[in-house]
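Next come the chains, spelled out residue by residue.
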Amino acid sequence: MHESPVDPSAVLHLLGYSLAQARVATHRAFFQAIGEPMHLRPVEFSLLMMLMPGDGLSQRQLAQALSLSAPNLTLVVSRLQGRGLLVRERNPTDRRAQAIRLTEEGLSVAQQAHEASMTMEANLRRQYSAAEWALLLELLQRVSPEALAAREDKAAPTRHLAQSNQPPAQ
């Protein structure tokens, strides 16, 4: 039997197919740059990036931001805590809640992972102009209701200020 190449034209119009193909390429790049050398999964990398500012976040905040169930987030947090990358502390403003923070080692790993991600993304960005890259990110964020809600929440104060500077409607 002679096999001919598959014609992908039947699926090129499908968002899921395009996202899956992009995921294969980006995951390969991630695991080469970050996953294998630093022993981090994508969700662990994202969690470390969210904790880098150092303010400490609750598990509820992290679960919401990462679109994870509470039990799944607990597994991720426990795994990273077991590696000595983060700690759970009592939240000083709400004694019932815990704040999750990076340890010194966790901050070091997060900074190294961030640097590696910037190099990795620079390699991916070479295929795009700056405007195309910004548009790609914006369009991908629109696919995710959580990302869109977060963008709208950040823009809400700006939108409110812009609306308050408008003359009243007649």
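In this text the structure is predicted, and so the values were computed from the model without any measurement. For every chain, the first residue of its written sequence is number 1, and the numbers climb from 1 along that sequence. With the structure being a predicted model, the display of local features is reserved for residues of pLDDT at least 70 and the display and counting of side-chain atom pairs for 80 or more, all residues being used for whole-chain, interface and lining totals. Side-chain calculation: all heavy atoms of the structure are included, whereas hydrogens and water are not.

Draft legend 1. Highlighting the overall build of the protein chain. A run of H or I in DSSP counts as a helix once it spans at least four residues, and a run of E counts as a strand once it spans at least two, with each numbered from the N terminus. The helix and strand tally for the protein chain stands at seven helices and two strands. Counting from the amino terminus, the protein chain carries its helices and strands in the arrangement α-α-α-α-β-β-α-α-α. Any pair of residues with heavy atoms lying within 4.5 Å of one another is described as a contacting pair. Sequence-distant contacts in the protein chain: of pairs separated by 6 or more residues, those separated by 24 or more amount to 44%. Carbon together with sulfur atoms contributes 56% to the accessible area of the protein chain, which is approximately 12,100 Å² in total. To measure how exposed things are, a 1.4 Å probe is used in the Shrake-Rupley method; for residues, cover is taken only from the protein chains shown.

Draft legend 2. How the structure looks around the nonpolar core. What makes a nonpolar core is a set of buried Ala, Val, Leu, Ile, Met, Phe, Trp, Tyr and Cys residues whose side-chain atoms join them at distances within 4.5 Å. Partly exposed residues are those whose accessible area sits between 20% and 50% of the maximum for their type, while under 20% is buried and over 50% is exposed, using a 1.4 Å probe and protein chains only. With 26 residues, the main nonpolar core has Ile34, Leu40, Leu47, Leu48 and Leu80 as its most contacted residues. Among all residues touching Ile34, those that are not within four sequence positions of it are His39, Leu40, Phe45, Ala113, Ala116 and Ser117.

Draft legend 3. The packing of aromatic side chains, seen in detail. Any two of the Phe, Tyr and Trp rings considered here, Trp counted by its six-membered ring, make a pair once their centres fall within 6.5 Å; the pair's planes then place it as stacked at under 30 degrees, edge-to-face at over 60, or tilted in between. Under the criterion given, the structure shown has three aromatic pairs. Ring pairs connect the aromatic residues Phe30, Phe31 and Phe45, which therefore count as one cluster.

Draft legend 4. Region of the structure containing the environment of Thr74. Among the secondary structure elements, Thr74 is positioned in helix H4 (residues 70-82). In this structure the C-alpha to C-alpha distance between Thr74 and Gln59, which are 15 residues apart in sequence, comes to 7.8 Å. In this view, Thr74 contacts Gln59 and Arg88; residues no more than four positions away in its chain are not counted.

Draft legend 5. Representation of the environment of Ala33 in the model. With respect to the secondary-structure elements, Ala33 resides in helix H1 (residues 15-38). Spatially, the C-alpha atom of Ala33 lies 8.3 Å from that of Thr119, the residues being 86 residues apart in sequence. Leaving out residues up to four positions away in the same chain, Ala33 has contacts with Met38, Ala116 and Met120.

Draft legend 6. The packing of H1 against helix H5 (residues 104-125), seen in detail. Between H1 and H5, the shortest axis-to-axis distance is 10 Å and the interhelical angle comes to 155°. As summarised for this structure, H1 and H5 are arranged roughly antiparallel, according to the angle between their axes. You can see that H1 and H5 cross each other, and the crossing is right-handed. On the side of H1, the interface is formed by Thr26, Ala29, Phe30, Ala33, Ile34 and Met38, while H5 contributes Val109, Gln112, Ala113, Ala116, Ser117, Met120 and Leu124. Residues are grouped as follows: Ala, Val, Leu, Ile, Met, Phe, Trp, Tyr, Cys and Pro are nonpolar; Asp, Glu, Lys and Arg are charged; every other residue, Gly included, is polar. For the contact of H1 with H5, the residue count by class is ten nonpolar, three polar and no charged. Every axis in this analysis is a line fitted to C-alpha atoms, fitted for helices over the stretch in contact. Angles between the N-to-C directions lie between 0 and 180 degrees. An angle counts as roughly parallel when it lies under 35 degrees, as roughly antiparallel when it exceeds 145, as roughly perpendicular when it falls between 65 and 115, and as oblique in every other case. A crossing counts as left-handed when the near helix is turned anticlockwise from the far one by less than a right angle, and as right-handed when that turn is clockwise.

Draft legend 7. Representation of a nonpolar patch on the surface in the model. For patch detection, residues must exceed 30% relative accessible area and be free of salt bridges, and they are connected within 9 Å for like charges or within 5 Å for nonpolar side chains (Val, Leu, Ile, Met, Phe, Trp, Tyr). Within this document, salt bridges are pairs made up of a side-chain nitrogen of Lys or Arg and a carboxyl oxygen of Asp or Glu, the two lying within 4 Å of each other. A surface patch of nonpolar side chains, amounting to about 320 Å² of accessible area, comprises Leu15, Leu19, Leu140 and Val143. Looking at the nonpolar patch, the elements that each hand over two or more residues are H1 and helix H6 (130-143). Position of Leu15 relative to the elements: it lies in helix H1.

Draft legend 8. Fine view of the pattern of salt bridges. Under the definition given, this model contains four salt bridges. Between Arg101 and Glu89 there is a salt bridge, and its shortest N-O distance comes to 2.7 Å. Linking Arg101 in strand S2 (residues 98-102) with Glu89 in strand S1 (residues 86-90), this pair joins segments that are twelve residues apart in sequence. Between Glu121 and Arg125 there is a salt bridge; the shortest N-O distance is 3.8 Å. Pair noted here: Glu121 and Arg125 are both in helix H5, with a separation of four residues, about one helical turn.

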